Amino acid sequence: MAAELDRELYEAACRARKDSYSPYSHFAVGAAVRAMDGRIFTGCNIENASYGLSLCAERCAIFAGVKEGVRAFTALCVTADTSEPVSPCGACRQVMAEFAIPRIFLTNLRGAWKEMTGAELLPYSFKL
């Protein structure tokens, strides 16, 4: 595992966070995912008054890549204005496991970060 933060992904996630639509929680999150071919796709959380219809930043970024035909990703970075590096929800962890993203960076706006693998985030992911 690399010992440094993927700066390009981190900066893309920070920019994406600014587009968050979070009028209910006021908790803005940004994410960026790198495709195997080097392209970066970003996402932000998008809330809805019917909370179950909301979309997390991580899934938004991954789905943006999938919409463009990407099926293989090398890394994902998620960031928020938290005291510690932000951690993905269970649904996002399962989607990350589906696409076997090998490097996942949990970060915050203060520059704190932690690199994890998908297996560390979700050791018993659902598989068919």
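Residues numbered from 1 in each chain as written. Predicted model: local features only at pLDDT ≥ 70, side-chain atom pairs only at ≥ 80, totals over all residues. Heavy atoms only, no water.

Draft legend 1. Layout of the environment of Leu76. By the secondary structure assignment, Leu76 is in strand 3 (residues 73–80). Excluding its chain neighbours within four sequence positions, the residues that come into contact with Leu76 are Leu9, Ala32, Val33, Glu58, Ile62, Met96, Ile101, Arg103, Ile104 and Phe105. (Helix = DSSP H or I, 4+ residues; strand = E, 2+ residues; numbered from the N terminus. Contact = heavy atoms within 4.5 Å.)

Draft legend 2. Representation of the nonpolar core. One finds Val33, Ile62, Phe73, Leu76, Met96, Ile101 and Ile104 to be the most contacted residues of the largest nonpolar core, which totals 23 residues. Looking at this core, the elements that each hand over two or more residues are strand 1 (29–35), helix 2 (57–67), strand 3, helix 3 (90–98) and strand 4 (103–107). Residues Ala13, Cys14, Ala32 and Ala75 belong to the second largest nonpolar core, which totals 10 residues. (Core = buried A, V, L, I, M, F, W, Y, C linked by side-chain atoms within 4.5 Å. Buried < 20%, exposed > 50% of the residue type's maximum accessible area, 1.4 Å probe, protein only.)

Draft legend 3. Molecular detail of helix 3. All of the buried residues along helix 3 are Cys92, Val95 and Met96. Buried residues of helix 3 fall within an arc of 100 degrees about the axis and therefore sit on the same side. Buried residues belonging to helix 3 abut helix 2, strand 3, strand 4 and helix 4 (118–121). With its phi angle positive at about 50 degrees, Ala100 sits one or two positions after the end of helix 3. (Arc of directions from axis to C-beta.)

Draft legend 4. Structural view of the packing of helix 2 against helix 3. Packing of helix 2 against helix 3 brings their axes to within 9 Å, and their N-to-C directions diverge by 30 degrees. On the basis of their axis angle, the class for helix 2 and helix 3 is roughly parallel. The interaxial crossing formed by helix 2 with helix 3 has left-handed handedness. Counted together, Glu58, Arg59, Ile62 and Phe63 of helix 2 and Ala91, Cys92, Val95 and Met96 of helix 3 form the full contact between these two elements. Considering only residue class, the contact of helix 2 with helix 3 consists of 6 nonpolar, no polar and 2 charged. (Axes fitted to C-alpha atoms, helices over the stretch in contact; angles between N-to-C directions. Parallel < 35°, antiparallel > 145°, perpendicular 65-115°, else oblique. Left-handed = near helix turned anticlockwise from the far one by under 90°. Nonpolar A, V, L, I, M, F, W, Y, C, P; charged D, E, K, R; others polar.)

Draft legend 5. Region of interest: the packing of aromatic side chains. If you walk through the whole model with that rule in mind, you get 2 aromatic pairs. Aromatic side chains Phe73 and Phe99 sit 5.8 Å apart centroid to centroid with 85 degrees between the ring planes, which places their arrangement in the edge-to-face category. A residue pair is termed long-range when its members are at least 10 positions apart, and Phe73 in strand 3 and Phe99 in the loop between helix 3 and strand 4 qualify at 26 residues. (Phe/Tyr/Trp six-rings, centres within 6.5 Å; stacked < 30°, edge-to-face > 60°.)

Draft legend 6. Helix 1 (residues 7–17), seen in detail. Buried within helix 1 we find Leu9, Tyr10, Ala12, Ala13, Cys14, Ala16 and Arg17. Elements that come into contact with the buried residues of helix 1 comprise strand 1, strand 2 (40–44), strand 3 and strand 4. Structurally, the start of helix 1 carries an N-cap: the backbone nitrogen of Glu8 is 3.3 Å from a side-chain oxygen of Asp6. (Polar contact = N/O pair within 3.5 Å; in protein donor to acceptor, adjacent residues only side chain to side chain.)

Draft legend 7. Layout of a nonpolar patch on the surface. Where nonpolar side chains cluster on the molecular surface, the patch consists of Tyr21, Tyr24, Ile46 and Tyr51 and spans about 430 Å² of accessible area. Relative to the helices and strands, Ile46 is located in the loop between strand 2 and helix 2. (Patch = residues over 30% accessible without salt bridge, like charges linked within 9 Å, V, L, I, M, F, W, Y side chains within 5 Å. Areas by Shrake-Rupley, 256 points an atom, 1.4 Å probe, with all protein chains shown as cover. Salt bridge = Lys/Arg side-chain N within 4 Å of Asp/Glu carboxyl O.)

Draft legend 8. Looking closely at the pairing of strand 4. Among the 5 residues of strand 4, 4 are classified as buried, and the element is accordingly described as predominantly covered. Sheet topology places strand 3 next to strand 4; 4 bridges connect them, and they run parallel. Within strand 4, the position partnered with Val78 by the bridge is Leu106. Between the parallel elements strand 3 and strand 4, the chain passes through helix 3 in a crossover that is right-handed. Both strand 4 and strand 5 (residues 113–116) contribute to a ladder of 4 bridges, which runs antiparallel. By the bridge assignment for strand 5, Ile104 is matched with Met116. Linking two consecutive strands that pair antiparallel, namely strand 4 and strand 5, is a turn of 5 residues; a positive phi of about 95 degrees is found at Gly111 within it. (Pairing = 2+ DSSP bridges. Right-handed = clockwise from strand over helix to strand, strands pointing away.)

This is a description of form; function is not addressed.
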